[in-house]
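Report on the structure
Now for the letters of each chain:
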Amino acid sequence: KTIGGYEIARDITVEAEIQQTVAQVTEQVTSAASEIASSSEQMAAGSEQQSRQTSEVATAMEEMTETILVVDDQSSVRHLLQEYLSEQGFRVVTATDGQNALNITRHDPPDLILLDIMMPKMDGYQFLRAYRQERQTLIIIITAREEETDAVLGLDLGADDYIIKPFRMREL
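The present account deals with the structure reproduced in this document.

Quick notes on the rules
Residues numbered from 1 in each chain as written. Predicted model: local features only at pLDDT ≥ 70, side-chain atom pairs only at ≥ 80, totals over all residues. Heavy atoms only, no water. Helix = DSSP H or I, 4+ residues; strand = E, 2+ residues; numbered from the N terminus. Core = buried A, V, L, I, M, F, W, Y, C linked by side-chain atoms within 4.5 Å. Buried < 20%, exposed > 50% of the residue type's maximum accessible area, 1.4 Å probe, protein only. Contact = heavy atoms within 4.5 Å. Lys, Arg positive; Asp, Glu negative; His and termini not counted. Salt bridge = Lys/Arg side-chain N within 4 Å of Asp/Glu carboxyl O. Arc of directions from axis to C-beta. Polar contact = N/O pair within 3.5 Å; in protein donor to acceptor, adjacent residues only side chain to side chain. Pairing = 2+ DSSP bridges. Right-handed = clockwise from strand over helix to strand, strands pointing away. Axes fitted to C-alpha atoms, helices over the stretch in contact; angles between N-to-C directions.

**Some points on unusual backbone geometry**
The omega torsion across Lys 165 and Pro 166 is -10°, close enough to zero to call that bond cis. Take Pro 166: it is sitting in the segment after strand 5 (161-164). Positive phi outside glycine occurs at Lys 121, with the angle close to 65°. Among the structural elements, Lys 121 can be located in the loop between strand 3 (112-115) and helix 4 (124-131).

Structure follows, in structure tokens:
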């Protein structure tokens, strides 16, 4: 019986050691889970901060990019200018006539305007008269009109330069 009692005592001691080991392992697992949760929160905060920084950089770069407004009723001209100027690193906004251009400039002021003269609704001359009352952005007239009087009138109304169509893209 002593042998049996010894075995019983030994079994109790082993069971206590197992419970102590389980408690230690449980404590380690709980600690590791807490560290993982903390790391996850830090990573999420870091990811959120990185996303915010990326957005701020993109906004700053967009603000640094010069905007050119192309105003022409011919879609082929607008498309060619938009494609070429975008490749040169400019942000390009387009308008189909003077009225549309005035609306755009009031919400998204450009750094330069490339302006056709002969357009429906509001032609380039009418746009110049109205726009110069509001702002002094650089304006280059781009037109098929070759008469000297057309160039002089455009310049008198506030255009900064005059280019006759057809022109080479590099002239811009």
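Next, the rest of the story.
**Some points on the nonpolar core**
Core analysis: the largest hydrophobic core is formed by 22 residues, its most contacted members being Leu 69, Val 71, Ile 113, Leu 115, Phe 127, Leu 128 and Ile 139. The leading source of residues in this core is helix 4, at four residues. Sequence-distant contacts of Leu 128, that is, excluding residues within four places in its chain, are made with Leu 115, Ile 139, Ile 141, Gly 154, Leu 157, Gly 158 and Ala 159. With 12 residues, the next largest nonpolar core counts Leu 112, Ile 140, Ile 163 and Phe 167 among its residues.

**Describing the side chain of Asp 97**
If you trace the backbone, Asp 97 turns up in the loop between strand 2 (91-95) and helix 3 (98-107). Buried charge without a salt bridge: Asp 97, with Lys 121 as the nearest opposite-charge side chain at an N-O distance of 4.0 Å. Apart from the residues within four sequence positions on either side, Asp 97 is in contact with Val 71, Met 119, Pro 120, Lys 121 and Met 122.

**Brief notes about helix 4**
Inspection of helix 4 places Gly 124, Tyr 125, Phe 127, Leu 128 and Tyr 131 among the buried residues, and these make up the whole buried set. Buried residues along helix 4 cover an arc of 160° about the axis, so they all sit on one side. Tucked inside the fold, the buried residues of helix 4 contact helix 3, strand 3, strand 4 (138-143) and helix 5 (148-156). You can read the cap of helix 4 off the contacts: a side-chain oxygen lies 3.0 Å from the backbone nitrogen of Tyr 125, and it is on Asp 123.

**Quick word on the pairing of strand 2**
Relative to strand 2, strand 1 (residues 67-71) is paired through five bridges, and the arrangement is parallel. Looking at strand 2, one finds that Val 70 is bridged to Thr 94. In terms of handedness, the path from strand 1 via helix 2 (residues 75-87) over to strand 2 forms a crossover that is right-handed.

**Side note on the pairing of strand 3**
Burial along strand 3 is two-sided: Leu 112 and Leu 114 and Ile 113 and Leu 115, pointing in opposite directions, are all buried. Where strand 1 and strand 3 come together, four bridges link them in parallel fashion. Across the sheet, Leu 69 pairs through a bridge with Ile 113, a residue of strand 3. Relative to strand 4, strand 3 runs parallel, the two being bridged by four bridges. Across the sheet, the residue bridging to Leu 112 is Leu 138, located in strand 4.

**Structural notes on the sheet that holds strand 4**
The pairing of strands in a sheet comes from backbone hydrogen bonds and takes either a parallel or an antiparallel form. The strand order 2-1-3-4-5 describes an open sheet built from five strands, whose pairing is parallel. Edge positions in the sheet fall to strand 2 and strand 5, since each of these pairs with one other strand and no more. Taking each pair of neighbouring strands and ignoring which way they run, the sheet shows an average axis angle of 20°. Set on the sheet, helix 3 makes contact with strand 1, strand 2 and strand 3; between it and strand 2 the angle comes to about 140°.

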